[in-house]
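Overview (structure and organization)
Spelled out from the first residue to the last, the chains are:
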Amino acid sequence: MIKNVLISACIVMQASSLAFEDDLDMLLGEAPAEQQTWSGVFEANLLVLDGQTDSAMGTNQFARLESYTQLWQGQWVNHAQIDFDYVNHGWALPMFARPDVADRAVDLEWQDIQSHHQWHTQLDWSYWQRSFSNSSLTVGRQPVTLGLGRVFSPTDPLGAFNVFDLDRLYKSGVDAIKYDYFLTGSVQTQSIATVNNHDHLQLLQTIKGSLAQGVWLVTLAHREEQNYISVSAQHYIAGLDVDGYAEYLYGSLSDTSETVFKQDSHQRMLLGLSTKVGANGMLAVEWLQQTLAANTQSDYALWQQRYEHSNITNLGIAKRYLALSYADEWSDLTRYELLAMQNLIDDHINVSAVITHSASDNLQVRFALAYTPSSGPINSEFEQFSDLVQLGIRYYF
């Protein structure tokens, strides 16, 4: 029953919106002015991959069409996306596999995978949102962000970005009903109900407040795999001119997850510092520790298998990581982002960079790379990945 209610809330308005507008025309005797806008983005990249024993070349492309419609005193937002990937050697194609989003009750996607190429089409966002005097309601497939981390997202189970993503343009949507309520000018609550891909109801309740020079956030979650509580805080340290932030999560695992992970609970801890550098630069350092992960290299394969059988967000297979990110502008038209991440269990690092140049108001030229320096035998987490060089364009319309 609960699943049917949520699915109806996420989909029925798509089928009924046109009928509603027709009925409204009949009641009022005239049609209101149509308030709908369309936009989108197209990206195409050429890429070279250097794997453990072989190299490959190919292309990855996507087009995303966005529409925004005024409906029922709110706004109806739709984002549909189609992706195409091609490589000349089939071993590299799984690198472009898109991870399943656990909190989706309805399958609104299609894919076709061949030996050297694949197509993937999905309705990534489709939600209706309305604001009230001190609250807002959002229903449908929507992006939801939790937590304070810049690189890692230890408290966010809702379609969080992979820490190794070179492109974080759009966060995956989840099928949810979300209600935001402002208790006071400085305290806000957020209630979220989703249904996951096993048809189980998931509930999250957050309360967020402002400090004189920072914020705090508490989250309670009931999910199929775990019940957890997390606490986050950010504070500006004037003496060092930095923002310090920390997050802690404690979760009790379900019986099924206990069987998979051989533990009855798990914890995640994040410590971070960020500071502004110059006029437009931003530097951040983060340290992450988690208990649902490997403490030795020999256990990597085991933990990869465990996460494949779980909907718990995977932040990596090692217990501890250190990350350093820096973003700045070379000029008004050119921006770059750098990320260095160290696996503190096997002491290997992975570095990535993205350079974006605005050739016009609508066109960007992009260069990206990801590289893991070799160090002895291929026995680290990062050395399982292929090095990548990517050159492409992004066009907004």
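Computed from a predicted structure; not experimentally measured. (Residues numbered from 1 in each chain as written. Predicted model: local features only at pLDDT ≥ 70, side-chain atom pairs only at ≥ 80, totals over all residues. Heavy atoms only, no water.)

**A word on the overall build of the protein chain**
Defined as follows: Helix and strand definitions follow DSSP, with helices as H or I runs of at least four residues and strands as E runs of at least two, each counted in order from the N terminus. Here the globule rule reads 2.2 Å times residues to the power 0.38, and the radius of gyration is calculated from C-alpha atoms. Buried, partly exposed and exposed residues are distinguished by accessible area as a fraction of the type maximum, computed with a 1.4 Å probe on protein chains only: under 20%, between the cut-offs, and over 50%, respectively. Note on areas: these come from Shrake-Rupley sampling with a 1.4 Å probe, and a residue is covered only by the protein chains present in the view. Working convention for charge: Lys and Arg count positive, Asp and Glu count negative, and His plus the chain ends are omitted. For charged residues, the charge sits on one atom: NZ in Lys, CZ in Arg, CG in Asp, CD in Glu.
The number of helices and strands found in the protein chain is 3 helices and 19 strands. For 397 residues, the compact-globule estimate of 2.2 N^0.38 gives 21 Å, and the C-alpha radius of gyration of the protein chain, at 22 Å, lies within 12% of that figure. With respect to the three principal axes, the spread of C-alpha positions in the protein chain is 75 × 50 × 45 Å. Residue burial in the protein chain is summarised as follows: out of 397 residues, 44% are buried. Accessible area for the protein chain stands at about 19800 Å²; split by element, carbon and sulfur atoms hold 58% of it. The centroid of the 21 positive side-chain charges in the protein chain is displaced by 5 Å from the centroid of its 45 negative side-chain charges.

**What about the pairing of strand β3 (residues 74-87)?**
The cut-off we apply is this: Two strands pair if DSSP finds at least two bridges between them.
In terms of residue burial, β3 counts as a mostly covered element, since 10 of its 14 residues are buried. Across 14 bridges, the pairing between strand β2 (residues 55-71) and β3 is antiparallel. Across the sheet, L71 pairs through a bridge with G74, a residue of β3. The loop that links β2 with its antiparallel partner β3 comprises 2 residues; one of these, W72, has a positive phi angle of about 55 degrees. Summarising the sheet, β3 and strand β5 (residues 117-131) pair through 12 bridges and their orientation is antiparallel. The residue bridging D85 from the neighbouring strand is Q118, located in β5.

**Focus: empty space enclosed by the protein**
Note the following rule: Any residue with an atom within 4 Å of a point lines the site, the site being either a cavity, points on a 1 Å grid over the protein atoms alone where a 1.4 Å probe fits but cannot get out, or a pocket, an open set with protein on both sides within 12 Å along at least 5 of 7 lines. Grid points are joined across faces, edges and corners, and a volume is the space filled by probe spheres set on the points. Three classes are used, and their members are as follows: Ala, Val, Leu, Ile, Met, Phe, Trp, Tyr, Cys and Pro are nonpolar, Asp, Glu, Lys and Arg are charged, and the others, Gly among them, are polar.
Per the counting criterion, the structure on display carries 2 cavities of 30 Å³ or more. Residue lining of the largest cavity: S153, P154, T155, D156, P157, Q226, Y228, L249, H266, R268, I312 and T313, and that is the complete set. Every element with two or more residues in the lining of the largest cavity is listed here: β11 (226-237) and β13 (265-277). In the lining of the largest cavity, the residues fall into 5 nonpolar, 5 polar and 2 charged.

**Looking at the layout of surface pockets**
Of the pockets and cavities examined, the second largest pocket occupies roughly 660 Å³. The wall of the second largest pocket is formed by 32 residues, among which L166, R168, A327, E337 and V354 lie closest to the centre. When contributions to the lining of the second largest pocket are tallied by element, the ones reaching two or more residues are β14 (281-290), β15 (320-329), β16 (334-343), β17 (348-358) and β18 (363-371). Residue classes in the lining of the second largest pocket are distributed as 15 nonpolar, 7 polar and 10 charged.

**Looking at the side chain of E66**
Put simply, the test is: For the purposes of these results, a polar contact is taken to be a pair of N or O atoms within 3.5 Å, where, inside protein, one atom must be able to donate a hydrogen and its partner to accept one; residues adjacent in sequence count only when each atom of the pair is a side-chain atom. Contacts: residue pairs with any heavy atoms within 4.5 Å of one another.
If you trace the backbone, E66 turns up in strand β2. Separated by 3.1 Å, the side chains of E66 and Y68 make a polar contact. At 2.5 Å, the side chain of E66 forms a polar contact with the side chain of Y170. Filtering out sequence-adjacent residues up to four positions away, E66 remains in contact with T37, W38, S39, G40, V41, N78, H79 and Y170.

**Looking at the confidence of the model for the protein chain**
So the rule is basically this: Note on scores: pLDDT gives the predictor's confidence for each residue, bounded by 0 and 100.
Mean pLDDT for the protein chain: 88, with 90% of residues reaching 70 or above. Residue range residues 1-31 is modelled with pLDDT below 50. Its contacts to residues more than four positions away, or to other chains, number 40 contacts.

**Observations regarding the pattern of salt bridges**
For clarity, the threshold we go by: We count a salt bridge whenever a side-chain nitrogen from Lys or Arg sits within 4 Å of a carboxyl oxygen from Asp or Glu.
Taken as a whole, this structure holds 12 salt bridges when the rule is applied. For the salt bridge of E43 with R394, the shortest nitrogen-to-oxygen distance reads 2.7 Å. Separated by 351 residues along the polypeptide, E43 in strand β1 (residues 36-50) and R394 in strand β19 (residues 387-396) bring together distant segments of the chain. R394 carries the same exposure label as E43, and that label is buried. The salt bridge partner of D124 is R64, with a shortest N-O separation of 2.9 Å. Remark: R64 occurs in strand β2 and D124 occurs in strand β5; sequence separation between them is 60 residues. Take D124: its relative accessible area is 3%, and that puts it in the buried class. Residues participating in the shared-partner salt-bridge network are R64, R104, E109 and D124.

**Details of the pairing of strand β12 (residues 242-253)**
Bridge count for β11 against β12 is 12 bridges, and the pairing is antiparallel. Paired with V231 across the strands is Y248, a residue of β12. Following β11, the chain reverses through 4 residues before pairing antiparallel with β12; D241 in that reversal takes a positive phi of roughly 55 degrees. Of the pairings in the sheet, the one linking β12 to β13 comprises 10 bridges and is antiparallel in character. Counted as the bridge partner of Y245 is G272 from β13.

**Comments concerning unusual backbone geometry**
In this structure, D241 takes a positive phi of about 55 degrees despite not being glycine. Mapped onto the secondary structure, D241 falls in the loop between β11 and β12.

**Here we look at the packing of aromatic side chains**
Note the cut-off: Here the aromatic set is Phe, Tyr and Trp, taking the six-membered ring for Trp, and pairing holds for ring centres within 6.5 Å; pairs whose planes are under 30 degrees apart are stacked, those over 60 apart are edge-to-face, and all others are tilted. Note on geometry: a ring has a charge over it if NZ (lysine) or CZ (arginine) is within 6 Å of the ring centre and within 35 degrees of the ring normal.
Summed over the entire model, instances satisfying the criterion amount to 12 aromatic pairs. Between the aromatic rings of W72 and W128, the centroid separation amounts to 6.2 Å while the plane-to-plane angle is 70 degrees, which identifies the pairing as edge-to-face. With W72 in the loop between β2 and β3 and W128 in strand β5, the pair connects residues that are 56 residues apart, well separated along the chain. Judged by centre distance (6.1 Å) and plane angle (50 degrees), the rings of Y326 and Y336 are tilted. With a gap of 10 residues between them, Y326 in strand β15 and Y336 in strand β16 connect regions that are remote in the sequence. Given a relative accessible area of 13%, Y336 falls into the buried group. Three or more aromatic residues link up through ring pairs in this structure, and these residues are F152, Y321, F382 and F385. Above the face of the W125 ring, R64 is positioned so that its terminal group lies 5.1 Å from the ring centre.

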